[in-house]
Amino acid sequence: MTTANTSSPSNSQSIKTRLTIQALRNEKQQTQPTATAQPMTFHLGEEAIGGFSAGIVGTLLGFPLDLVKTRMQTQLSSSATNKLSTISLLSHILRTEGISNVYKGVGPPLLSLSIVNTLSFTSYSYFRQNYFHGQDGWDYNNALSGMCGAPIFGLVTTPENFLKTQMQLDNVQSQREKSNGQQKQIQQQKPTGRFTNSFHCAKTLANAHGLPVLYTGHVINTIREAAFVGTYFFCYEGYKGEFRNMILGIEKLLSTSVDNNTSTSTDCHDSSWSTSLAIPMAGGCAGATAWALTFPLDCVRAGVQGQPIPSSPSKVQLQKQGALETLKHLLKTKGIAGLYAGVSPSIARAFLVSGSRFSAYEGALWLCRRSGLTSSGNGQYGEEGPGAYDD
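Residues numbered from 1 in each chain as written. Predicted model: local features only at pLDDT ≥ 70, side-chain atom pairs only at ≥ 80, totals over all residues. Heavy atoms only, no water.

> How do you make sense of the packing of aromatic side chains when you look at a structure like this?
For any pair of aromatic rings, geometry is given as the distance between the ring centres together with the angle between the planes. If you walk through the whole model with that rule in mind, you get 13 aromatic pairs. When the centroid spacing of 5.6 Å and the interplanar angle of 80° are considered together, the rings of tyrosine 232 and phenylalanine 233 count as edge-to-face. A relative accessible area of 2% means that phenylalanine 233 is categorised as buried. Among the aromatic residues, those joined into a cluster by ring pairs are Tyr124, Phe228, Tyr232, Phe233, Trp291, Phe295 and Tyr340. Its guanidinium or amino end placed over the ring of phenylalanine 228, arginine 224 lies 5.6 Å from that ring's centre, counting from NZ or CZ. (Phe/Tyr/Trp six-rings, centres within 6.5 Å; stacked < 30°, edge-to-face > 60°. Buried < 20%, exposed > 50% of the residue type's maximum accessible area, 1.4 Å probe, protein only. Lys NZ or Arg CZ within 6 Å of the ring centre and 35° of its normal.)

> I keep staring at the side chain of arginine 301 and nothing clicks. Help me out?
For arginine 301, the location among the structural elements is in helix α12 (residues 270–305). Since its relative accessible area comes to 1%, arginine 301 is described here as buried. In this structure the side chain of arginine 301 is engaged in a polar contact, spanning 2.7 Å, whose partner is the side chain of glutamine 305. Setting aside chain neighbours within four positions, we find arginine 301 in contact with Lys69, Gln73, Asn161, Thr165, Ile220, Asn221 and Arg224. (Helix = DSSP H or I, 4+ residues; strand = E, 2+ residues; numbered from the N terminus. Polar contact = N/O pair within 3.5 Å; in protein donor to acceptor, adjacent residues only side chain to side chain. Contact = heavy atoms within 4.5 Å.)

> Just checking my understanding: could you explain the nonpolar core for this structure?
Nonpolar side chains tend toward joint burial in soluble globular proteins. Ranked by size, the top nonpolar core spans 16 residues in total, and within it Phe121, Phe228, Tyr232, Phe233, Trp291 and Tyr361 carry the most contacts. If you look at the next biggest cluster of nonpolar residues, it comprises 10 residues, including Phe195, Leu205, Val213 and Leu214. (Core = buried A, V, L, I, M, F, W, Y, C linked by side-chain atoms within 4.5 Å.)

> Before we go on, may I ask you to explain the packing of helix α6 (residues 150–168) against helix α9 (residues 198–209) in this structure?
Axis angle and axis distance: for two packed helices, these are the angle between their axes and the distance between the axes, and together they describe the pair. Following both chains from N to C, one finds α6 and α9 inclined at 105°, their axes separated by 10 Å at the closest point. Taken together, the axes of α6 and α9 lie roughly perpendicular to each other. When α6 is examined against α9, the residues Phe162, Leu163, Gln166 and Met167 are found in contact with a partner set consisting of Ser198, Cys201, Ala202 and Leu205. A per-class count over the contact of α6 with α9 returns 6 nonpolar, 2 polar and no charged. (Axes fitted to C-alpha atoms, helices over the stretch in contact; angles between N-to-C directions. Parallel < 35°, antiparallel > 145°, perpendicular 65-115°, else oblique. Nonpolar A, V, L, I, M, F, W, Y, C, P; charged D, E, K, R; others polar.)

> What is the right way to read the confidence of the model for the protein chain from this model?
As a general rule, the predicted coordinates of low-pLDDT regions are not to be interpreted in detail. For the protein chain, the average pLDDT comes to 75, and 69% of its residues sit at 70 or higher. Mean pLDDT values over the elements of the protein chain span from 47, in helix α8 (residues 183–187), up to 94, in helix α5 (residues 140–147). Considering only residues more than four positions removed or in separate chains, one finds that residues 31–42, a stretch of pLDDT under 50, has 13 contacts. In the predicted structure, residues 263–270 sits below a pLDDT of 50 and forms 4 contacts with residues beyond four places in sequence or in another chain. (pLDDT = per-residue confidence, 0-100.)

> Sorry, what's going on with the packing of helix α4 (residues 107–132) against α6 here?
One can describe the packing of α4 onto α6 by two numbers: an axis separation of 9 Å at closest approach and a directional angle of 160°. By the criterion of interaxial angle, the relationship of α4 to α6 is roughly antiparallel. Between α4 and α6 the crossing geometry is left-handed. Taking contact as the criterion, the partners of Pro108, Pro109, Ser112, Leu113, Val116, Leu119, Ser120 and Ser123 in α4 are, on α6, Ile152, Phe153, Val156, Thr157, Glu160, Leu163 and Lys164. Per-class residue counts for the contact of α4 with α6 are 9 nonpolar, 4 polar and 2 charged. (Left-handed = near helix turned anticlockwise from the far one by under 90°.)

Set out below in structure tokens:
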């Protein structure tokens, strides 16, 4: 009896302790906020303004390097400039053709890429949120979301790329036509082309061969658009997460050398500051990666759209070289290396343009929200500003 009476209070105390612990756990679970994700909302006005800003900034910054890329992709193996580097070729163009020719043909891409960037960012956000539900990081759904708009992009970019390529090669092709028996005399003259501007080029070729000539290379261009934009957005989301984690890790290492008060105040801005740096870095690396992987397709496209097309009508039907014929010709005359002719200025341009493009896009969205231009209280990137646009 004595033993039973002694153990009874102990068992009772143990039961009370367990009940108390369980009650505390239940209370903690009830008071702890649930991690329910707020649905991301889609705002057409913001996406359109952001994409338009990205198109203008990216086109103006990258067009000189785009000119060098096109010249490298289409120049003959026997050309005097065939062995020149990116900087040397750009310097040669400036010296022989003048600075105005560096931006010759910038009109169509300035207009079309502003439209295409508006469409690409808008369609990517729409399909990612409403259909594929892409996640941050390396998620193939982000690639599918980006590729959905490629058929529409191709309708806009095919005539733009065709006119741009024809204008960028206009001086060179004109020199080739005039050089029969007059090589030395032509070399001493400043190159002049057939077309005064992009509108004149479009009008002249359309009058001579009909409007379909503007869609030369449409199939290969659309395929390139789909491959590029899918890789572009897939890599952007992945790189952004990697760079953000890397910068946060560096911040945490640096914060260990300061006192607790300073460390606490710094941690409050970790997410914003790290994402602000991660956005242009991820954009630049995503653009460079996408160009490196899809460059052979662009090289074939440039060959198809850059072939000489007579500016005067002819009774003989225009015979245009297709993508497969262009690919065979490149492999026969230049080998595998011919598919990567001009890749250096392209990757340099991609890093510069893509980094600035994403920064312009994210910054435009932030300005829209801060200025009250759009009525989105909680868009897909949040309200904190470009540094916190973590979609």
